[in-house]
Amino acid sequence: MTAEEDAAPLYGEYYDRHGLDRNDLLSNPEVLFQTFAVDRANISALRKLGLNRATARVLDVGCGNGASLLQFIRMGFDPARLTGIDTNGERIDQAKRLLPGVTFRIESAERLPFADETFDLVFESTMLGTLDSRALLDNIAQEMLRVTRRGGYLMLADWRYSRRGSGVKTAMSRSTIAELFSVDRLTTVVARESGALVPPLGRRLSQHAPALYFLFQRLLPPAVGQCTTVLKKI
């Protein structure tokens with residue numbers, strides 16, 4: 001089974017259940033502070049790495065429509081040194097229209113078409129958690145490690161809990177990340193940043209009490225559902 005086959009039912013079922021505007025920033029106020037929290041976690045993590053934004057080579061694995069790479073451009077990374085891969089041709093076409101200066105390719109995360117140690121930073125956002133095949137997860141993790149340069153970073157922005165109906169099949173907990181990416185053997189953890197709160201709490205706060213959102217995030221660590229973890233390849 002490929003990554004696309006493993007995750008394909010997720011998107012249809014998810015949007016059939018919740019509607020196409022489920023994650024639309026303009027039409028759904030539930031999304032706004034969830035998005036702010038993810039962005040803040042990613043920015044805080046990147047701030048600790050000291051990457052040279054003019055020269056850093058970045059790969060987004062499972063890039064979708066390119067929205068995550070747009071964040072890198074906003075932070076000053078060179079679009080010409082950014083690459084996104086996804087198995088869905090429609091999403092890649094959207095990404096090319098959104099970010100014409102970035103390289104986008106229809107490729108499988110299980111067989112990345114890049115030489116060893118090509119990238120300074122390899123990134124994934126809520127992609128690994130959509131898969132439930134451990135063999136598939138192991139293969140993708142090994143490929144992500146292979147194409148990261150020694151001394152480079154892997155950045156995982158994913159959900160740490162799985163919940164029926166949420167679309168998260170595999171929780172990207174600390175222990176799962178440690179097993180997949182050989183923490184303390186091939187990698188070391190250099191950053192963990194709290195992101196979005198678990199739904200429906202985060203969505204309700206975003207809509208009805210946004211001023212309390214980050215207070216809840218700080219005072220109730222178990223309610224943080226999404227984290228950004230950065231590993232350094234050693």
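Residues numbered from 1 in each chain as written. Predicted model: local features only at pLDDT ≥ 70, side-chain atom pairs only at ≥ 80, totals over all residues. Heavy atoms only, no water.

Which parts of the structure should I look at to understand the layout of surface pockets?
Rolled over the atoms, a probe sized like a water molecule indicates the empty space that remains. Of the pockets and cavities examined, the second largest pocket occupies roughly 230 Å³. What lines the second largest pocket is a set of 15 residues, and nearest its centre among them are Arg 160, Arg 174, Arg 192, Cys 227 and Thr 229. Counting only elements with at least two residues in the lining of the second largest pocket, the list comes to strand S5 (148-159), helix H6 (174-180), strand S6 (187-194) and strand S7 (226-233). Here the residues of the lining of the second largest pocket are counted per class, giving 7 nonpolar, 3 polar and 5 charged. (1 Å grid on protein atoms, 1.4 Å probe; cavity = no way out; pocket = protein on both sides within 12 Å on 5 of 7 lines; lining within 4 Å. Points joined across faces, edges and corners; volume = space filled by probe spheres on them. Helix = DSSP H or I, 4+ residues; strand = E, 2+ residues; numbered from the N terminus. Nonpolar A, V, L, I, M, F, W, Y, C, P; charged D, E, K, R; others polar.)

How do you make sense of the pattern of salt bridges when you look at a structure like this?
Pairing between side chains becomes possible if they bear opposite charge and their charged atoms approach one another. One pass over the full model with this rule turns up 11 salt bridges. Asp 86 serves as the salt-bridge partner of Arg 91, at 3.2 Å between the closest nitrogen and oxygen. What makes Asp 86 buried here is its relative accessible area of 6%. The salt bridge involving Arg 134 is made with Asp 138; its shortest N-O contact spans 3.2 Å. Taken together, the residues Arg 134 and Asp 138, both in helix H5 (residues 134-147) and 4 residues apart, mark about one turn of the helix. Residue Asp 138 is classed as partly exposed on the basis of its relative accessible area, which comes to 29%. Through salt bridges with shared partners, a single network forms among Arg 57, Asp 120 and Arg 149. (Salt bridge = Lys/Arg side-chain N within 4 Å of Asp/Glu carboxyl O. Buried < 20%, exposed > 50% of the residue type's maximum accessible area, 1.4 Å probe, protein only.)

Would you mind showing me how to read the sheet that holds S7 here?
The strands making up a sheet associate through hydrogen bonds between their backbones, and the pairing can be parallel or antiparallel. The sheet built from 7 strands is open, its strands ordered S3-S2-S1-S4-S5-S7-S6 with mixed pairing. Edge strands, defined here as strands with exactly one partner in the open sheet, are strand S3 (103-106) and S6. For this sheet, the mean angle separating the axes of adjacent strands, direction not counted, is 20°. The pairing of strand S4 (residues 119-125) with S5 spans 6 bridges and is parallel. When the sheet's bridge partners are listed, Glu 124 is paired in S5 with Leu 156. Across the face of the sheet, helix H4 (residues 89-98) comes into contact with strand S2 (82-86) and S3 while running at roughly 170° to S3. Lying over the sheet, H5 contacts strand S1 (58-61), S4, S5, S6 and S7, oriented at roughly 140° with respect to S5. (Pairing = 2+ DSSP bridges. Axes fitted to C-alpha atoms, helices over the stretch in contact; angles between N-to-C directions. Contact = heavy atoms within 4.5 Å.)

Is there a simple way to think about the packing of helix H2 (residues 32-47) against helix H7 (residues 201-208) in this case?
Angle between the axes and distance between the axes are the two parameters that describe a pair of packed helices. Axis separation between H2 and H7 bottoms out at 7 Å; the angle between their running directions is 115°. Classified by the angle their axes make, H2 and H7 are roughly perpendicular. Contacts between H2 and H7 pair Leu 32, Phe 33 and Gln 34 from the former with Gly 202, Arg 203 and Ser 206 from the latter. Looking at the contact of H2 with H7, its residues break down into 2 nonpolar, 3 polar and 1 charged. (Parallel < 35°, antiparallel > 145°, perpendicular 65-115°, else oblique.)

For this particular structure, what's the right way to read the pairing of S7?
Side-chain positions along a regular strand alternate between the two faces of the sheet. Within S7, 7 of the 8 residues are buried, which leaves it mostly tucked inside the rest of the structure. With 7 bridges connecting them, S5 and S7 associate as antiparallel partners. Note on S7: the bridge partner recorded for Leu 154 is Leu 231. Across 7 bridges, S6 lies against S7 in antiparallel orientation. Note on S7: the bridge partner recorded for Thr 188 is Lys 232.

What is the right way to read the packing of H2 against helix H3 (residues 67-74) from this model?
It is at 12 Å that the axes of H2 and H3 come closest, and there the two elements cross at 50°. Here H2 lies oblique to H3, going by the angle between them. In terms of crossing hand, the pair formed by H2 and H3 is right-handed. Along its contact with H2, which presents Asp 39, Asn 42, Ile 43 and Leu 46, the element H3 presents Gln 71, Phe 72 and Arg 74. Across the contact of H2 with H3, the residue classes tally to 3 nonpolar, 2 polar and 2 charged. (Left-handed = near helix turned anticlockwise from the far one by under 90°.)

Before we go on, may I ask you to explain the nonpolar core in this structure?
General note: in soluble globular proteins, nonpolar side chains tend to be found buried as a group. In terms of nonpolar packing, the biggest core is built from 26 residues, with Leu 59, Val 61, Leu 128, Ile 140, Met 144 and Phe 181 touching the most fellow members. Elements that contribute at least two residues to this core include exactly S1, S4, H5, S5 and H6. Residue contributions to this core peak at 7 residues, all from H5. Setting aside residues up to four positions removed in sequence, Met 144 forms contacts with Val 61, Leu 112, Val 122, Glu 124, Leu 154, Leu 156 and Phe 181. (Core = buried A, V, L, I, M, F, W, Y, C linked by side-chain atoms within 4.5 Å.)

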